[in-house]
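# Close look at the chain arrangement
In case you want the letters, here they are:
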Amino acid sequence: MSDTAPSSPGGGGVDDKALYGPQGPVDAEPPPPPKVPLKVEEALAAAAMALICLISLANVVVRYATNASFAFTEEFSIFLLVVMTLLGAAVAFARHDHIKITFFLERMPRPLRLAAELLTLAITTLVFSMVLYYGALFALDEFTYETVSAGLGYPNWLYTMWLPILSAVILFRVLERAWLALRPRRGRDGGREA
């Protein structure tokens, strides 16, 4: 490899894409894939999205044909949207595709990138631990006080119990990502990298 930096197509300087690539510096390796398959989270998120689409389509068709609406379906749609979002967050963390600002991170040396990723994962763990804890308290209150939903009259805990459960799934994926980041990687020749 040449010691000179590739020039930009206009000839005016350094081409960031050639040096850093779309996801980081050229020397950065892609993160290892998750050890636990994502099929369950992906299937449930796809099912939630499909149900939202079907409910919305049915609501539009009924409103157009009868001039009435399925107002009660809003309850299911909101619940499914929250479920889909939390499952999508779990998948994003497992694939290392979560939203991140990488301008400075891409230009850091490898040890600082690892430290920044671990700090991010620690903060994320703290946040979702709090969501799990307070979500569990909230679901327990809904169960204890037997509150029911306004639209359909179903017990609210049937909806709120999924917040701590799916937060635990996200925590598992975040901790899995941290474990994979800390584990020494094997080089191309089978040896361990530093």
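Residues numbered from 1 in each chain as written. Predicted model: local features only at pLDDT ≥ 70, side-chain atom pairs only at ≥ 80, totals over all residues. Heavy atoms only, no water.

## Focus: the confidence of the model for the protein chain
Keep in mind that low pLDDT regions are not for reading the predicted coordinates in detail. The condition that has to hold: As a per-residue quantity, pLDDT reports the predictor's confidence and falls between 0 and 100. Pairs of residues are marked as contacts when any of their non-hydrogen atoms sit within 4.5 Å.
For the protein chain, per-residue confidence averages 82 on the pLDDT scale, and 79% of positions sit at 70 or higher. Scored below 50 in pLDDT, residues 1-26 makes 28 contacts in the model with residues more than four places away or belonging to other chains.

## Let's talk about the pattern of salt bridges
Where we set the bar: Take a side-chain nitrogen of Lys or Arg and a carboxyl oxygen of Asp or Glu: if they are within 4 Å of each other, that pair is a salt bridge. Under the scheme used here, helices are H or I runs from DSSP no shorter than 4 residues and strands are E runs no shorter than 2 residues, and both carry numbers assigned from the N terminus. With a 1.4 Å probe rolled over the protein chains alone, any residue whose accessible area is under 20% of its type maximum counts as buried; one over 50% counts as exposed, and the rest are partly exposed.
For the structure shown, the criterion picks out four salt bridges. Close ionic contact of Glu41 with Arg173 constitutes a salt bridge, the shortest N to O distance being 2.8 Å. In this pair, Glu41 is assigned in helix α2 (residues 39-66) and Arg173 in helix α6 (residues 162-182), connecting sequence segments 132 residues apart. This pair shows no difference in class: Glu41 is buried, exactly as Arg173 is.

## A closer look at the side chain of Thr73
Position of Thr73 among the secondary structure elements: in helix α3 (residues 73-95). Dropping the residues within four chain positions of it, Thr73 is found in contact with Ile55 and Asn59.

## A closer look at the packing of helix α4 (residues 110-144) against α6
To keep things clear, this is the line we draw: Fitted lines through C-alpha atoms serve as axes, helices being fitted only where they are in contact, and the angles separating the N-to-C directions of these axes extend from 0 to 180 degrees. To sort the angles, those under 35 degrees are grouped as roughly parallel, those over 145 as roughly antiparallel, those from 65 to 115 as roughly perpendicular, and the leftovers as oblique. By definition, turning the near helix anticlockwise from the far helix through less than a right angle yields a left-handed crossing, and turning it clockwise yields a right-handed one.
At their nearest, the axes of α4 and α6 sit 9 Å apart, and the two run at 160° to each other. Accordingly, the angle class assigned to the pair α4 and α6 is roughly antiparallel. By crossing handedness, the relation of α4 to α6 is classed as left-handed. Here Leu114, Glu117, Leu118, Leu121, Thr124, Thr125, Phe128, Ser129, Val131, Leu132, Gly135 and Ala136 of α4 come into contact with α6, specifically with Leu163, Pro164, Ser167, Ala168, Ile170, Leu171, Val174, Leu175, Arg177, Ala178, Ala181 and Leu182.

## Things to note about a nonpolar patch on the surface
Definition in use: In this scheme, patches are assembled from residues that exceed 30% relative accessible area and form no salt bridge. Like charges are connected within 9 Å, while nonpolar side chains (Val, Leu, Ile, Met, Phe, Trp, Tyr) are connected within 5 Å. Using a 1.4 Å probe, the Shrake-Rupley method yields the accessible areas, and only the shown protein chains count as cover for residues.
Taken together, the side chains of Leu126, Met130, Tyr133, Tyr134 and Leu137 define a hydrophobic patch exposed on the protein surface, amounting to about 540 Å² of accessible area. Assignment of secondary structure puts Tyr134 in helix α4.

## Describing the environment of Leu51
Assignment of secondary structure puts Leu51 in helix α2. Residue class for Leu51 comes out partly exposed when judged on its relative accessible area of 42%. On a C-alpha basis, the gap between Leu51 and Phe76 in space is 9.0 Å, while along the polypeptide they are 25 residues apart.

## Some thoughts on unusual backbone geometry
Unlike most non-glycine residues, Asn67 shows phi in positive territory, near 65°. Although it is not a glycine, Glu146 adopts a positive phi angle of roughly 50°. Note on placement: Glu146 falls in the loop between α4 and α5 (157-160).

## Describing α4
What counts, and what does not: What a helix is expected to span follows from its residue count: subtract one and scale by 1.5 Å.
Between the first and last C-alpha of α4 there are 50 Å, a value that for 35 residues agrees with the 51 Å anticipated at 1.5 Å per step. Buried positions along α4 lie against α3, α5 and α6. Directly beyond the C-terminal end of α4, a positive phi value near 50° is found at Glu146.

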